[in-house]
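# Structural features, examined
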Amino acid sequence: MHRALPLVFLISAFCLSERALKAVEFWEPAETHAVIIGVTRWEADLTKYPRRHRKDEELRDLLVQLGTPPKQISLLIDNEATLASIRHAIESTLEATNSESTLLVYYAGHGWRVGDDFCFANYDAVLGKKNLKTTWRVSELAEVVHNKFNGKLAVFLGDCCHSGGMRLAVERLSERNVPSLSLTSATKATTSTGNWTFTQCVLDAFSGLPLMDINRDGAITLGELGTEVSNTMLHIEGQQSDFYSSGTDNDLVICKTDKRLNNSKDLKFPLGSYV
C-alpha cells in the first residue's frame, strides 16, 4: 500500500450468539472497547508517513471525550505496534467485552494483498512471501474476533492500501449472526492515499460535524458516514473506498449534531456539495 496512516480500523463489534438479532439504534461510547493501531515507521524498508497532525491519536482522545473509559482503549503507535503487542491488545480487549459491548478496531499504515488474505504491516514485520507469519493478517483478526468477541456490534475501520480486506472479519462474524461492518479508505483491490482524509471523515462523524448530517435531521447515522466517506475519497483523493456490512442498520445513530444547517433556496449548490 502507499498509505495507511490512521485507522485500523477501528473495530466495533456486536455479538448476539443464539439470540434473535436485535437492532442497535445508537452507538454507545461508554460500552465501546477499542483497539487503535497507527504505524508511520517500520523496521523494514517501507515508506514512512508524516507524524505531524496524526489522526490515530485524535481518534483515541475523541473517544475518551465522548465517554469511552480510557482503560477500554488500547492505543499502539509506531514501535509500540509490534505483532506481539497487537495480538495481546486484541485478545485482552475481546476478553473484556460483554453482551452490551461494541468493538472498535482501527488500523492505519501499510497494507497489501497476498492471495485471498491481506497483510497490515506491524512495526516489526519482515517483508517477503516467506515471512508472512511475521505480519498481522486480516484472516487472523477475523478468526480471533469470531471465536472470542462477546459483544453486540463490531466495526472495523482501515486507512491503508487494500484495507477493504477487512470485510473478511465481517463475513466471518456473519456466521454467528453478529452484526458487524467494515468501513475503509480503499477496496480489497486498490491502493490508498498517504493523507489522513478517511480518518478525518470518521472523526467528523463522531464529533457531530453538522455537514455530515446529509438529511439535516440533527443526527449523523452510519449510512450518512458511509456516503460521506465514499464522496470524500472519490472527489478529494480520486479513489474508491469500501463499506461492507452484515446485520447492521444504516440508521444507527453515531452522533447527534449540536446545530442544524439550513440550505437557502438561493444557493446554487447545497451546503456540503462537492463541486
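A brief structural summary. Just so it is clear, the model here is predicted, and its values are computed rather than measured.

Burial runs high along strand 9 (residues 180–184): 5 of the 5 residues are buried. Burial of strand 9 is two-sided: the residues Ser-180, Ser-182 and Thr-184 facing one way and the residues Leu-181 and Leu-183 facing the other way are all buried. Note: strand 8 (residues 152–159) against strand 9, 5 bridges, orientation parallel. Bridge assignment links Ala-154 to a residue of strand 9, and that residue is Ser-180. At this point the chain moves from strand 8, through helix 4 (residues 167–174), to the parallel strand 9, and the crossover so formed is right-handed. One ladder, built from 5 bridges, connects strand 9 with strand 11 (residues 242–246); its direction is antiparallel. The partner of Leu-183 across the bridge, within strand 11, is Phe-243.

As a further point, take the pattern of salt bridges. In this structure the tally under the stated criterion is 12 salt bridges. A salt bridge links Asp-56 to Arg-54; its shortest N-O distance comes to 2.9 Å. Residue class for Asp-56 comes out buried when judged on its relative accessible area of 0%. Residue Lys-55 is joined to Glu-58 by a salt bridge in which the shortest nitrogen-to-oxygen separation is 3.2 Å. Bridged by salt links that share partners, the residues Arg-51, Arg-54, Asp-56 and Asp-78 form one connected network.

Before going further, it helps to spend a moment on unusual backbone geometry. Phi is positive for Asp-78, which is not a glycine, with a value near 50°. Counting through the fold element by element, Asp-78 comes out in the loop between strand 3 (73–77) and helix 2 (83–96). For Asp-78, a relative accessible area of 7% gives the class buried. The residue His-162 is not glycine, and still its phi comes out positive at about 60°. With respect to the helices, strands and loops of the structure, His-162 is situated in the loop between strand 8 and helix 4. His-162 gets classed as buried once you look at its relative accessible area, which sits at 14%.

Calculation notes
Residues numbered from 1 in each chain as written. Predicted model: local features only at pLDDT ≥ 70, side-chain atom pairs only at ≥ 80, totals over all residues. Heavy atoms only, no water. Buried < 20%, exposed > 50% of the residue type's maximum accessible area, 1.4 Å probe, protein only. Helix = DSSP H or I, 4+ residues; strand = E, 2+ residues; numbered from the N terminus. Pairing = 2+ DSSP bridges. Right-handed = clockwise from strand over helix to strand, strands pointing away. Salt bridge = Lys/Arg side-chain N within 4 Å of Asp/Glu carboxyl O.

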